[in-house]
Structures are given as C-alpha cells and as structure tokens.
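# Inside the fold
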Amino acid sequence: MHGAAGPDGCRLMDASAGRPRRSVRLAAFLFGLSGVGNGITTPLILWSYERNGYLPEAPFDLGFRLMAGPFEELGSDLFVTLGWTLFTVSVLDVIAAVLLWRGARGGAALGVVTSPVVFALGIGFAVPFLLVTAVIRVVLIAAGWSSLTWSSAKTTTSREKS
C-alpha cells in the first residue's frame, strides 16, 4: 500500500512504499543537470551577446558558437527574450528535480510540462543535449510514475503504525 490519504486528500508514502524508482531518480538527475547547467551558462552567454553583439565561441576551440541556432535569425530582442525563457525553464527544471528526488508527482507533472518547452528551445538554440534529455527524462518519468505520490512527505500516521 502506498499510504493513506492525508487530510488534504493527497496520498502519503509510508515506510513500506520506499523511495521512488531508479528511473525517477535518473530523471531527477537529468532535470537537475540540464537545469543547473543552463541556469548558469545561459545568463553568461546572454550577457556576452548583449555586451559584444555576437555569441561567444565554444571553449576549447570546438569551432561553433554557443546557442547559435535558428533563434539567432529572429533579432536581438527576441533572441534575448527566448534566452531568458530558457533560463526560467531551467529554474523550473531544478525545482522539478528536487521534487522528483523526493518522490513527488508534482515534480513529474512540472517536468512533463517543461520538457516540450525545453525541447523547442533546444531546437531554436541548436543545443542537442536539450533535445536528447527532454525526451529521455519524460520516458523515465513514465516508467516510474507508479512509485510517485502527490505529496513529498514520507510520513506514517500513528494509525498506520499499529
């Protein structure tokens, strides 16, 4: 049994329910990785773009400019707005990662909502990592959905103990 319904109708995870499945933990890791990575780098890239008027080159002489995709053709203002959208979605992905790690379906719901946005932004900014992770993390959430609860509280009531 996953647990009894709490006073607000949310299901509580009891001690026998355990942690979320490994697929959910891996999804949480991917949400966190892409969220933190883009949350740190996107503002730096946008700052460089606004300051210099062009996108910075990738480090280590890899031969491409960061975030240089189809969105670059839309003009500076829209490009920067879409860049800040990527930053905002990255912050939401970190929140989804924390909630998923705790086994909360709310994190999964948030992640399922942000993933198509991340996928679209990955196309527009030509970031293949976002394309791959956006799909994989939704598949991982689907695989572990039954191990998630609507509440991240892992408490057991006194009635369930006896």
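It should be noted that the structure appears before, not after, this text.
The sections below set out a description of the structure shown in this document. Everything numeric here is computed off the predicted structure, so don't read it as measured data. (Residues numbered from 1 in each chain as written. Predicted model: local features only at pLDDT ≥ 70, side-chain atom pairs only at ≥ 80, totals over all residues. Heavy atoms only, no water.)

Moving on, we come to the overall build of the chain. On a plain count of helices and strands, the chain comes out with five helices and zero strands. The secondary structure elements of the chain, listed N-terminal to C-terminal, are α-α-α-α-α. A burial count over the chain gives 41% of its 162 residues as buried. Once local pairs closer than 6 in sequence are excluded, the contacts in the chain between residues at least 24 apart make up 67%. A total of about 8,900 Å² of accessible surface is found on the chain, and carbon and sulfur atoms cover 67% of it. (Helix = DSSP H or I, 4+ residues; strand = E, 2+ residues; numbered from the N terminus. Buried < 20%, exposed > 50% of the residue type's maximum accessible area, 1.4 Å probe, protein only. Contact = heavy atoms within 4.5 Å. Areas by Shrake-Rupley, 256 points an atom, 1.4 Å probe, with all protein chains shown as cover.)

Tallying each qualifying case throughout the model produces four aromatic pairs. Centroid distance Phe79 to Phe125: 5.2 Å. Interplanar angle 85 degrees. Geometry classified as edge-to-face. In this pair, Phe79 sits in helix 2 (residues 76–101) while Phe125 sits in the loop between helix 3 (105–124) and helix 4 (128–144), placing the two residues 46 residues apart along the sequence. Judged by relative accessible area, Phe79 falls into the buried class, the value being 0%. Ring plane angle 80 degrees and centroid distance 5.4 Å describe the contact between Trp84 and Phe87, whose orientation is recorded as edge-to-face. A residue pair is termed a helical-turn pair when its members lie 3 or 4 positions apart in one helix, as Trp84 and Phe87 do in helix 2 at three residues. Taking relative accessible area as the criterion, Trp84 reaches 37% and is therefore assigned partly exposed. (Phe/Tyr/Trp six-rings, centres within 6.5 Å; stacked < 30°, edge-to-face > 60°.)

Here we take up the layout of surface pockets. Space inside the largest pocket adds up to approximately 330 Å³. As for the largest pocket, its lining consists of 19 residues, of which Asn38, Thr41, Ile45, Leu66 and Val127 are closest to the centre. Of all the secondary-structure elements, those providing two or more residues to the lining of the largest pocket are helix 1 (22–52) and helix 4. With seven residues, the top contributor of residues to the lining of the largest pocket is helix 1. A class-by-class count of the residues in the lining of the largest pocket yields 13 nonpolar, five polar and one charged. (1 Å grid on protein atoms, 1.4 Å probe; cavity = no way out; pocket = protein on both sides within 12 Å on 5 of 7 lines; lining within 4 Å. Points joined across faces, edges and corners; volume = space filled by probe spheres on them. Nonpolar A, V, L, I, M, F, W, Y, C, P; charged D, E, K, R; others polar.)

Right, let's get into helix 3. The terminal C-alpha atoms of helix 3, which comprises 20 residues, lie 29 Å apart, in line with the 28 Å expected from a rise of 1.5 Å per residue. Of all bends in helix 3, the biggest is about 30 degrees, found at Thr114, and the proline Pro116 comes one to four residues later. Among all positions of helix 3, only Arg105, Gly107, Ala108, Gly111, Thr114, Ser115, Val118, Leu121, Gly122 and Gly124 are buried. In this structure, the buried side of helix 3 is in contact with helix 1, helix 2 and helix 4. Note on helix 3: the residue one or two positions beyond its end, Ala126, has a positive phi of about 55 degrees. (Expected span 1.5 Å × (residues − 1). Bend = angle between axes of the 7 residues up to and from the residue.)

Before going further, it helps to examine unusual backbone geometry. Backbone geometry at Met67 places phi at a positive 60 degrees, although glycine is not the residue there. Topologically, Met67 is positioned in the loop between helix 1 and helix 2. On the accessibility criterion, Met67 (7% relative accessible area) is buried. Notably, Ala126 is not glycine yet its phi reads approximately 55 degrees, a positive angle. Considering the arrangement of structural elements, one finds Ala126 in the loop between helix 3 and helix 4.

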